[in-house]
Amino acid sequence: MEVASGGAPGPRRNSIAFWLLGLCNNFAYVVMLSAAKDILEKDAKHIEKPCRPEVTTRECHILSTGSVLLADIIPALIIKMSAPMFIHRVPFGIRHTTVVLLQAASFLIVGISDSTGIALFGVILASFGSGLGEISYLALSSNYPSSVVAAWSSGTGGAGLIGASVYALLTDSKLLAVSPKHTMLIMLTLPVLFSFAYWSILQIPRSIHRAKLFQPSTWIIDGGRTTMSSEAGRISGEEGETLLRHTDSAEGELMLRGEEVSGNSNSMSRIQKALPLLRFMIPLISVYLAEYYINQGLLELMEFDCSHGFSMSSESQYRWFQVTYQLGVFVSRSSSNYLTIPTKHLTTLAILQTFNAVFFTFTAIYSIFPHIFLAFLVIFFEGLLGGASYVNTFRAVHREIPVESREFSMGVVSISDTIGIVFAGFLAMPVHNKICSLPLRYNVI
């Protein structure tokens, strides 16, 4: 049941709420990727091995971590591709409740499962939840000042850093040494924080439709004349204008006049609105394709011996690679208030990330890093590029798209990173298998 806010949303309070929503929404997604190698070892009852004094052969899984990536992202893509056509009929409160339940179920299933197949099903639930959450909270942000977009982006970056770090700290055999199973069960505290951020911290404008727990008729937003007319009659002045602004302008005017909107014309209108968004989407797709190809196809193939890898096992090295990447993402996503990249330079970020992907491909074939520390530095740079592309893309959409189309546009552009990640998953698996078939070569710089 959504709690109404009688006054105007408080900027600081709502920024905190959106930061926490970003943190919680992406947390499960990040944890599943950090746990990818552990999930793939479920069937083998894997026990973490110590570092190798000398790395002379490749240790490759039959399934690459790209398979976990696909389970963690394809459901999100399905949600994001289909949702813009119907999700506006579902109240934000119901969407939020669904996201929280999916996240809790994912942690529980992955934690208690003893097989890779069941664990991957839990990953799929996490993906559905994060995909629905991203498209919902970004759309919700159109009802607030642009500062909440920066807060959301920083929160998602925080999810990467905190999620990957917490998982690594808990499971590292040299630190807390908690089993992956019990670590997942500990993560069940996150859905509680998630619920609190939305229901208790966020101030929801009166123009937002509220679903009432014991009134099923309010669980679906009526897109026809009655609901809009009654809302327009009930809300006057600035809030009434806000209500009209947050619908498609032509559609809203017809509804307020009591006219029906054709389903076909509405769909065509949405497609026409989506085409100009490609200038934001294509660079973001490219960045995410490159970086997730690196993270889930190549990083697991990089292993350093004890003397050059801080005496960490290969599993620990992989987890801390993920932490380093997420640190870079967090720094760049949190800096947009101080350093804003113009829209015309978003393509430059995509080109640089593509160069990174080529470089890491050679790194996986020829062990050209003399020490793991240098690998951490380049991975951190990779994260900086990814985070900068994400936050600056959505701030550009919020800034340049007219207010009457902003909610729809934010939802559509949110598909971009998911599309890039799916492509990366399909690319990572054959490349992983090909490199695994090659002899381990050294060409240390």
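The structure presented is a predicted model; accordingly, all values stated were derived computationally and were not measured.

K.L.:
Even after reading the chapter, I still don't get the overall build of the chain, so can you show me in this structure?
P.N.:
From N to C terminus, the chain includes 18 helices and two strands. Counting across all 445 residues of the chain, residues that qualify as buried make up 57%. A separation threshold of at least 6 residues defines the contact pool for the chain, and within that pool the share at least 24 residues apart is 86%. Accessible area of the chain: about 18,200 Å², with a carbon and sulfur share of 67%.

K.L.:
Explain the packing of helix H16 (residues 372–400) against helix H17 (residues 403–413) here, please?
P.N.:
Each pair of packed helices can be described by the angle between their axes along with the distance between the axes. Running from N to C, H16 and H17 cross one another at 160°; their axes reach a closest spacing of 9 Å. It follows from the interaxial angle that H16 and H17 lie roughly antiparallel. Considering how the two elements wind past one another, H16 and H17 form a crossing that is right-handed. Counted together, Thr393, Phe394, Val397 and His398 of H16 and Arg406, Ser409, Met410 and Val413 of H17 form the full contact between these two elements. Taken together, the residues of the contact of H16 with H17 break down into four nonpolar, three polar and one charged.

K.L.:
Help me out: how do you make sense of the packing of aromatic side chains in this one?
P.N.:
Any pair of aromatic rings gets described here by the distance separating the centres and the angle formed by the planes. Under the criterion given, the structure shown has eleven aromatic pairs. When the ring of Tyr137 is compared with that of Phe194, the centres are 6.0 Å apart and the planes differ by 50°; the resulting orientation is tilted. Of this pair, Tyr137 sits in helix H5 (residues 116–140) while Phe194 sits in helix H8 (residues 190–201), and the two are 57 residues apart along the sequence. No difference in accessibility class separates Tyr137 from Phe194, as the two residues are buried. Between Tyr288 and Tyr292 the ring centres are 5.8 Å apart and the planes differ by 10°, which places this aromatic pair in the stacked class. Of this pair, Tyr288 and Tyr292 both sit in helix H13 (residues 278–297), four residues apart, which is roughly one turn of the helix. Lying over the aromatic face of Tyr390, Arg333 brings its terminal NZ or CZ to 3.7 Å of the ring centre.

K.L.:
What exactly am I supposed to notice about the pattern of salt bridges here?
P.N.:
Close approach of charged atoms allows side chains of opposite charge to pair. Enumeration over the complete set of coordinates arrives at six salt bridges. Here Asp417 makes a salt bridge to Lys80, at a shortest N to O gap of 3.3 Å. You can see Asp417 sitting in helix H18 (residues 415–436) and its partner Lys80 sitting in helix H3 (residues 65–82), a full 337 residues away along the chain. Summarising the burial analysis for this pair, Asp417 and Lys80 share the class buried. As a salt-bridge pair, Arg279 and Glu400 come within 3.1 Å of each other at their nearest N and O atoms.

K.L.:
When you look at the side chain of Asn295 in this model, what are you seeing that I'm missing?
P.N.:
Of note, Asn295 is situated in helix H13. Classification of Asn295 by relative accessible area gives buried; the value is 0%. A polar atom in the side chain of Asn295 sits 3.5 Å from the side chain of Glu382. Those residues in contact with Asn295, other than ones at most four positions away along the chain, are Tyr318, Gln322, Tyr325 and Glu382.

K.L.:
Can you walk me through the nonpolar core in this structure?
P.N.:
Formed by 117 residues in total, the largest nonpolar core has its most connected members in Phe18, Ile39, Phe107, Tyr292 and Phe321. With 13 residues, the top contributor of residues to this core is helix H1 (residues 11–34). Contact partners of Phe107, with chain neighbours within four places excluded, come to Phe27, Ala28, Val31, Met32, Met184, Met187, Leu188 and Leu190.

K.L.:
Is there a simple way to explain the UniProt feature "transmembrane region" (unreviewed entry) in the chain in this structure?
P.N.:
Residues annotated in UniProt with the feature "transmembrane region" (unreviewed entry) correspond here to residues 16–36, 92–112, 118–140, 147–170, 182–202, 346–365, 372–391 and 411–431. Within the segment residues 16–36, helix and strand shares are 95% and 0% respectively, and the terminal C-alpha atoms sit 30 Å apart. In residues 346–365, helix accounts for 100% and strand for 0%; the two terminal C-alpha atoms are 30 Å from one another.

K.L.:
In this structure, what is going on with the state of the cysteines? I would like to understand it.
P.N.:
Note: disulfide means a covalent bond formed between the sulfur atoms of two cysteine side chains. What the rule picks out here adds up to one disulfide. With a sulfur-sulfur separation of 1.9 Å, Cys51 is cross-linked through a disulfide to Cys306. Disulfide Cys51-Cys306: the torsion about the S-S bond is 105°, which places it as right-handed. Here Cys306 lies in the loop between H13 and helix H14 (314–333) and Cys51 lies in the loop between helix H2 (36–40) and H3, a separation of 255 residues in the sequence. The pair Cys51 / Cys306 is uniform in exposure class, with both members buried.

K.L.:
Which parts of the structure should I look at to understand H8?
P.N.:
Structural remark: α-helix, 3.6 residues per turn; residues separated by three or four positions point the same way. With twelve residues, H8 ought to run about 16 Å at 1.5 Å a step, and its terminal C-alpha atoms sit 15 Å apart, in line with that. On the buried face of H8, the contacting elements are H1, helix H4 (92–112) and H5.

K.L.:
Quick question: what am I supposed to make of H14 here?
P.N.:
The first and last C-alpha atoms of H14 sit 29 Å apart over 20 residues, in line with the 28 Å expected at 1.5 Å per residue. Here H14 lies mainly inside the structure; 16 of its 20 residues are buried.

K.L.:
What exactly am I supposed to notice about the packing of H13 against H16 here?
P.N.:
Direction vectors running N to C along H13 and H16 enclose 160°, while the axes themselves pass 10 Å from each other. Relative to H16, the element H13 is oriented roughly antiparallel. Along this stretch, H13 crosses H16, giving a crossing that reads as left-handed. Here H13 contributes Arg279, Phe280, Leu284, Val287, Tyr288, Glu291, Ile294 and Asn295 to the contact with H16, which in turn contributes Glu382, Leu385, Gly386, Ser389, Tyr390, Thr393, Phe394, Ala396, Val397 and Glu400.

K.L.:
Please explain the confidence of the model for the chain as it appears in this structure.
P.N.:
Reading predicted coordinates in detail is not appropriate for stretches of low pLDDT. Of the residues in the chain, 82% reach a pLDDT of 70 or more, and the chain-wide mean stands at 81. Ranking the helices and strands of the chain by mean pLDDT puts H8 first, with 95, and helix H9 (residues 225–234) last, with 36. Under a pLDDT of 50 for its full length, residues 1–9 has, in the predicted model, 29 contacts with residues more than four places off or in other chains. Across residues 224–263, where pLDDT falls below 50, the model places 47 contacts with residues more than four positions away in sequence or in other chains.

How each quantity is defined
Residues numbered from 1 in each chain as written. Predicted model: local features only at pLDDT ≥ 70, side-chain atom pairs only at ≥ 80, totals over all residues. Heavy atoms only, no water. Helix = DSSP H or I, 4+ residues; strand = E, 2+ residues; numbered from the N terminus. Buried < 20%, exposed > 50% of the residue type's maximum accessible area, 1.4 Å probe, protein only. Contact = heavy atoms within 4.5 Å. Areas by Shrake-Rupley, 256 points an atom, 1.4 Å probe, with all protein chains shown as cover. Axes fitted to C-alpha atoms, helices over the stretch in contact; angles between N-to-C directions. Parallel < 35°, antiparallel > 145°, perpendicular 65-115°, else oblique. Left-handed = near helix turned anticlockwise from the far one by under 90°. Nonpolar A, V, L, I, M, F, W, Y, C, P; charged D, E, K, R; others polar. Phe/Tyr/Trp six-rings, centres within 6.5 Å; stacked < 30°, edge-to-face > 60°. Lys NZ or Arg CZ within 6 Å of the ring centre and 35° of its normal. Salt bridge = Lys/Arg side-chain N within 4 Å of Asp/Glu carboxyl O. Polar contact = N/O pair within 3.5 Å; in protein donor to acceptor, adjacent residues only side chain to side chain. Core = buried A, V, L, I, M, F, W, Y, C linked by side-chain atoms within 4.5 Å. UniProt positions renumbered as here; feature names shortened; annotations may be inferred. Disulfide = S-S within 2.5 Å. Expected span 1.5 Å × (residues − 1). pLDDT = per-residue confidence, 0-100.

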